[in-house]
Amino acid sequence: MSADAHDHPNFFQPLPGTKGGIASWIFSTDHKRIGMLYLYCIVAMFLVGLTLGFLIRLELIAPGRTIMGQQTYNALFTLHGVVMIFLVVIPSIPAAFGNIFLPIQIGAEDVSFPRLNIFSWWLYVTGAVLAVVSLVTGKGAPDTGWTFYVPFSAVTTTNVDVAVVAVFILGFSSILTGLNFITTLHRLRAPGMTWTRLPLFCWSLYATGWIQVLATPVLGITVLLIFVERVLGVGLFDPSRGGDPILYQHLFWIYSHPAVYIMILPAMGVISEILPVFARKPIFGYKMIAFSSLAIAFAGSLVWAHHMFVSGMSDTAVMVFSFLTFVVAIPSAIKVFNWVSTLYKGSIRVEPPLWYALAFIFLFSIGGLTGLVLGAAGTDVHVHDTYFVVAHFHYVIFGGLGFGLFGAMHYWFPKVYGRMYNKRIANWSCLIAFVGFNILYFPMFILGLQGMPRRYYDYLPKYAEGHFISTMGSWVLAAGLLLMFWNLWRGIRHGKPVGRNPWGGATLEWTVPSPPPHHNFEAEPVVTHGPYDYTGVKPDA
Amino acid sequence: MHEHRDYEGAKIGMWLFLFTEVLLFGGLFLLYAVYLHRYPAEFHAAGKDLSRIFGTANTIVLITSSLCMALAISALQRGKVVLSQRLVLLTVTMAGVFLVNKFFEWSAKIGHGIYPDSPALLKLPPGEMVFFNLYYLMTGLHGIHVIIGAAVLMYGWHLMRVGRVTPEHFVFLENGGLYWHLVDLVWIYLFPLFYLVV
C-alpha cells in the first residue's frame, strides 16, 4: 500500500504539483471528490431531518401541546419532508456513492461530463441553502407539507416561494446527475465490460438515471406553476379562475411517484452488491435483477394516480391505477426472491454490511406488502391519509433507502478511507437502529387502521398509547444512528488500515488501491469475467 | 493529461437534456389539452383576440433562423468558419426580431388590460382567463428559452472567434444548434394552438 501511495497519491491527497486546499475540493472535477462532497452534505442534511423528525415525535408523545405550537409543528413536518425527500433521499445513493463508484465499477477514469458534475453539486448546495433560508426569512417557514398541495400552497402567507424555487433547483441538479450517468454508462465502459457484465449497482443507477431525466422536468414545471400562481396570480389551479386543483395533484405525482423509485432503486443496487460478496456466491438471477430495475422504472411511471383514489376520479381510472400499482410489485418481488435465493446455500460471512442488507430486505418487504394494502382501492379508502400511510412510506423509504444507504456506507467505507471501522459497534448500532425503527413505525400501522389521520397536531386519547410507544422507538432509533455515525467517524480517524479488497469483492473497485488514486486505474482495465465471479478472489484483510 | 473528447457522448448528453426540455413544456401542453377539452368555446373566443399577423411573422422569423443555424453548422463542418460565424450572427439577430415582435404583441395585450391577475382579465369567463394565463405562461417560458438559446449561440460564436470551436471540434455549436431547433419546434406547436386551431 505504501508503494501505491507514493507513486499515485490517493484522491484525498493533493494532485502532484498542486497545493490542495478547499478550492481543490469545491471546484474539483474528480468524480470521487464530488461524491464525497455530496456524501458529507447529505449526512449533514440527514442529521437536520432526523432532528426535525425527532422533535415532531416528541410533540406527539402525549395529546395536546407538549413542546411546540401548531404553526411550528406544521412548519417542522413540512421541513422534515422537504429536507428528507429532496436533500437526502433523492440524491443520497446516486449522487454520493454513484458518483464515487460508478466510474470505477465500469473501469472509467471519470464520468462523461465532469464539469457538469461539479455544477450539479453547486446546484444542490444552492438548493439546500435556499431551503434553509426559506425557514428563517419571509413570514414564517412553509407549512404546506412537502407536497405543496394547492390551493393551500397558493394562498398561505408563509415562505413557500423560496421553498419551491429550492425544489426547482434541486430537481435540476438531479436531472444533470442522471443525464451524466446514462451517458457515462453508454460511452465509457472499459473493454470487455459488456452490459451483462455490468455490476447490478450500475444497472440500478442506469434505471434511476432514466427516471431522473424523464420525470423530474414535470416536477420542475409544477413547482414553477406554484411560483407564478403566488407571484403573478396565474391561477391555473384556482377554480375561481377556471383552473382545477386536481390537475396539480396529477402533475405533482407524475413526478413524485416515479421519484419513489429514484429513492429505492439505487438502494436495491447496493443490496445486490453486498449479498453475493458475503454469501460468496454469484447473485441468483443476474439478468432478472437487472431487468427488474428497468421494469420498476417503467411500471413505476404509470401508477401516480394511486395517490389520488379519494381525490375524485372515475371508477375506471381508479381500477386501472390500482391494477398498474399491483404490477410494480412483480419486479420488486423478483428482486427480493433473488436476494433470498442468493443467500440460500451460500457460505455466508456475517459482517456489518450484510446485517444492514438483511435489515433492508426485512423492512422493505413489510413496506412493500403494506403498499399493496394502499394500492388496492377498497382498502385504501379506509386507510387513506392515516398513519398507515406514514408507516408504509417510512418502511419503504427509511427502511429501504435508509438502511441501503447505511449498508453502502459500511460496505464501501474501507475502500473510500482505506481503514476499517469497529465491526462490533457497527453490528450493535445496526441492531439498535433496527429495533428502534420497528418500535417507532410499527405502531403507526395500528394507529392508522384505528383511524388516526396523518399530519395532525393533536389526537384523541384513544391513540395516546400508540403514539407513546412510537416516540419511545424514536429515541432508540436515534441512539442507534448516532452510535453508527460516531463509529464511522471514529473509523475514519483511528480505524485499522486495510488493503485493496477487505471483503473479497469481484467488482472493479476492489482492484484499485484503498483509497483510490486520482485517476482510478494505473492502466485501463480489461474485463474478462462477470462482477460476481469469485473464483480466485480472496479477501486480503 | 490528454483532453477527453467524446463526440458521441456529448451528443447523447444533449439529446437527453432536450428530452427534459420537451417534458418541461409537456406539463404545460398537458394543462392546455385538459383545459381546451373543458372550455372549447371560451378558448375559441379568446384565441380570436390574438394577432395572427404577429404570430405568423414570428413563425416565419423563427423557422428561417433555424435554417440559418443548420447552414451555419454545415458551413463550419466544411471549414468555412467566417461564413459560419456570419450565419450564427444572423440567427441571433432573428432571435432578437422575434423577441421585439413578441414585446409589441404582449404590450398591446397588456395595454388592453389583459395580463395575469389584472382586473380586466378577472372579469372574463373562467375559460378565457385560463386561455390567457396559459398564453402568457407558455409564450413567456418559450421567450426565456429564446433568450437562453441566443446567449448559447453567441457564446458559440465567441468560441469560434477564439478558435475553440473549429471545423474539427464543432460539437458545441452543433449542440447549440440542436437547442435552437428545439426552441423553434416548441414554437411550431404553440403557434397553431394559440393562434390558429382555437
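Note that the structure is a prediction, hence the values are computed from the model and not measured.

Helix and strand content of chain A: 17 helices and two strands. Each principal axis of the C-alpha distribution contributes one length, and for chain A these read about 70 × 50 × 45 Å. Among the 541 residues that make up chain A, the fraction classed as buried is 62%. Total accessible area on chain A stands at roughly 19600 Å², and carbon and sulfur atoms take up 70% of it. Considering chain A, the positive charge centre built from 30 side chains and the negative charge centre built from 23 side chains are found 8 Å apart.

With that settled, consider the overall build of chain B. When you go through chain B residue by residue, the secondary structure sums to seven helices and zero strands. Each helix and strand of chain B, ordered N terminal to C terminal, gives the series α-α-α-α-α-α-α. The C-alpha extent of chain B, read off along each of the three principal axes, is 65 × 30 × 25 Å. In chain B, the proportion of contacts linking residues at least 24 apart, taken out of those at least 6 apart, comes to 81%. Accessible area for chain B stands at about 9200 Å²; split by element, carbon and sulfur atoms hold 70% of it. In chain B, 13 side chains carry a positive charge and 12 a negative one; their mean positions are 7 Å apart.

Okay, the interface of chain A and chain B next. Each side of the interface is counted separately: chain A has 36 residues, and chain B has 32 residues. Both faces combined, the contact of chain A with chain B buries some 2800 Å², and carbon together with sulfur accounts for 75% of it. For chain A, the biggest contributors to the area lost against chain B are A:Arg187, A:Leu236 and A:Arg241; these three give 21% of the whole. In this structure, the connection of chain A to chain B is made through three salt bridges. Across the pair B:Asp117 and A:Arg241 runs a salt bridge, and its minimum N-O distance is 2.9 Å. The tally of links between chain A and chain B comes to six residue pairs in polar contact (both at pLDDT 80 or more). Listing elements by their share of the side of chain A that touches chain B, those giving two or more residues are helix H8 (160-187), helix H9 (200-231) and helix H10 (245-279) of chain A. Among the elements that make up the side of chain A that touches chain B, the one with the highest residue count is H9(A) (10 residues). A breakdown of the residues in the side of chain A that touches chain B according to their chemical character gives 22 nonpolar, 10 polar and four charged.

Attention now goes to the pattern of salt bridges. With the rule as written, the count across this model stands at 12 salt bridges over all chains. A:Lys32 serves as the salt-bridge partner of A:Asp30, at 3.2 Å between the closest nitrogen and oxygen. When sorted by exposure, A:Asp30 lands in the same class as A:Lys32, which is buried. The shortest N-O distance in the salt bridge between A:Arg241 and A:Asp238 comes to 3.7 Å. Overall, the relative accessible area of 22% leaves A:Asp238 in the partly exposed class. Salt bridges here are not isolated pairs; linked through shared partners, they connect A:Asp238, A:Arg241 and B:Asp117.

With numbering matched to this structure, UniProt assigns "transmembrane region" (unreviewed entry) to residues 12-33, 53-75, 87-104, 134-157 and 178-197 of chain B. Helix makes up 95% of residues 178-197 of chain B and strand 0%, whereas the separation of the span's terminal C-alpha atoms amounts to 27 Å.

Turning our eyes to something else, we now look at a nonpolar patch on the surface. Residues A:Ile348, A:Val350, A:Trp355 and A:Leu358 make up a contiguous nonpolar surface patch of roughly 340 Å² in combined accessible area. Counting through the fold element by element, A:Trp355 comes out in helix H13 (residues 352-375).

Here the focus is the environment of A:Ala333. Residue and element names in this part refer to chain A. Mapped onto the secondary structure, Ala 333 falls in helix H12 (residues 315-343). Taking relative accessible area as the criterion, Ala 333 reaches 27% and is therefore assigned partly exposed. On a C-alpha basis, the gap between Ala 333 and Glu 109 in space is 35 Å, while along the polypeptide they are 224 residues apart.

Describing two packed helices takes the angle between their axes plus the distance from one axis to the other. Residues and elements named next belong to chain A. Relative to each other, helix H5 (residues 92-105) and helix H15 (residues 387-417) sit at 40 degrees, their axes nearing to 11 Å. Compared by their axis directions, H5 and H15 come out oblique. The hand of the H5/H15 crossing is left-handed. Taking contact as the criterion, the partners of Ser 92, Ile 93, Phe 97, Ile 100, Phe 101 and Gln 105 in H5 are, on H15, Leu 401, Gly 404, Leu 405, Ala 408, Met 409, Trp 412, Lys 415 and Val 416. Partitioned by chemical class, the residues of the contact of H5 with H15 number 10 nonpolar, three polar and one charged.

All names here are of chain A. With the rule as written, the count across this model stands at 68 aromatic pairs over all chains. An angle of 55 degrees between the planes, with centres 5.2 Å apart, marks the rings of Tyr 411 and Trp 412 as tilted. In this structure, Tyr 411 and Trp 412 share a single accessibility class: buried. Following the ring pairs from residue to residue traces out a cluster consisting of Phe 46, Tyr 356, Phe 388, Tyr 395, Phe 398, Phe 403, Phe 406, Phe 437, Tyr 441, Phe 442, Phe 445 and Phe 485. A cation over a ring is seen here: Arg 33 above Trp 25, with NZ or CZ 4.3 Å from the ring centre.

Its 28 residues place the ends of H8(A) 41 Å apart at the C-alpha level, agreeing with the 40 Å of an ideal helix rising 1.5 Å per residue. Among the 28 residues of H8(A), 21 are classified as buried, and the element is accordingly described as predominantly covered.

All names here are of chain A. In this structure the tally under the stated criterion is one cavity of 30 Å³ or more. One number sums up the size of the largest cavity: a volume of about 110 Å³. Along the walls of the largest cavity sit 15 residues, with Phe 86, Ile 90, Pro 91, Leu 170 and Ser 174 positioned nearest its centre. Within the residue set of the lining of the largest cavity, elements represented by two or more residues are H8 and H9.

As a further point, take unusual backbone geometry. Residue and element names in this part refer to chain A. Here the residue pair Val 150 and Pro 151 is connected by a cis peptide bond, since its omega of -5 degrees sits within 30 degrees of zero. Counting through the fold element by element, Pro 151 comes out in the loop between helix H6 (114-136) and helix H7 (152-155). The amide bond that connects Ser 514 to the next residue, Pro 515, takes the cis arrangement and shows omega of -15 degrees. Among the secondary structure elements, Pro 515 is positioned in the segment after strand E2 (496-497). Despite not being glycine, Arg 280 has its phi angle at roughly 50 degrees, a positive value. Here Asn 520, not a glycine, exhibits a phi torsion of approximately 70 degrees, which is positive. Position of Asn 520 relative to the elements: it lies in the segment after E2.

Turning our attention to the packing of helix H3 (residues 31-59) of chain A against H6(A). All names here are of chain A. Running from N to C, H3 and H6 cross one another at 15 degrees; their axes reach a closest spacing of 10 Å. Considering their axes alone, H3 and H6 lie roughly parallel with respect to each other. Read as a crossing pair, H3 and H6 show a hand that is left-handed. Of the residues in H6, those in contact with His 31, Ile 34, Leu 37, Tyr 38, Cys 41, Ile 42 and Met 45 of H3 are Pro 114, Asn 117, Ile 118, Ser 120, Trp 121, Tyr 124 and Val 132. In the contact of H3 with H6, the residues fall into 11 nonpolar, three polar and no charged.

What follows deals with the environment of B:Gly177. Residues and elements named next belong to chain B. Inspection of the secondary structure puts Gly 177 in helix H7 (residues 171-196). C-alpha of Gly 177 to C-alpha of Gly 13: the two residues are 164 residues apart in sequence and 14 Å apart in space. Once you skip the residues sitting within four places of it in the chain, Gly 177 turns out to touch Met 69, Ile 73 and Leu 153.

Quick look at the side chain of A:Ser120 now. All names here are of chain A. Within the secondary structure layout, Ser 120 lies in helix H6. Within the structure, the side chain of Ser 120 is placed 3.0 Å from the side chain of Tyr 38, a separation counted as a polar contact. When sequence neighbours within four positions are dropped, the list of residues in contact with Ser 120 reads Tyr 38, Ser 173, Leu 176 and Thr 177.

Rules and cut-offs
Residues numbered from 1 in each chain as written. Chains lettered and ligands numbered in written order. Predicted model: local features only at pLDDT ≥ 70, side-chain atom pairs only at ≥ 80, totals over all residues. Heavy atoms only, no water. Helix = DSSP H or I, 4+ residues; strand = E, 2+ residues; numbered from the N terminus. Buried < 20%, exposed > 50% of the residue type's maximum accessible area, 1.4 Å probe, protein only. Areas by Shrake-Rupley, 256 points an atom, 1.4 Å probe, with all protein chains shown as cover. Lys, Arg positive; Asp, Glu negative; His and termini not counted. Charge placed at Lys NZ, Arg CZ, Asp CG, Glu CD. Contact = heavy atoms within 4.5 Å. Buried area = accessible area lost by both parts, 1.4 Å probe. Salt bridge = Lys/Arg side-chain N within 4 Å of Asp/Glu carboxyl O. Polar contact = N/O pair within 3.5 Å; in protein donor to acceptor, adjacent residues only side chain to side chain. Nonpolar A, V, L, I, M, F, W, Y, C, P; charged D, E, K, R; others polar. UniProt positions renumbered as here; feature names shortened; annotations may be inferred. Patch = residues over 30% accessible without salt bridge, like charges linked within 9 Å, V, L, I, M, F, W, Y side chains within 5 Å. Axes fitted to C-alpha atoms, helices over the stretch in contact; angles between N-to-C directions. Parallel < 35°, antiparallel > 145°, perpendicular 65-115°, else oblique. Left-handed = near helix turned anticlockwise from the far one by under 90°. Phe/Tyr/Trp six-rings, centres within 6.5 Å; stacked < 30°, edge-to-face > 60°. Lys NZ or Arg CZ within 6 Å of the ring centre and 35° of its normal. Expected span 1.5 Å × (residues − 1). 1 Å grid on protein atoms, 1.4 Å probe; cavity = no way out; pocket = protein on both sides within 12 Å on 5 of 7 lines; lining within 4 Å. Points joined across faces, edges and corners; volume = space filled by probe spheres on them.

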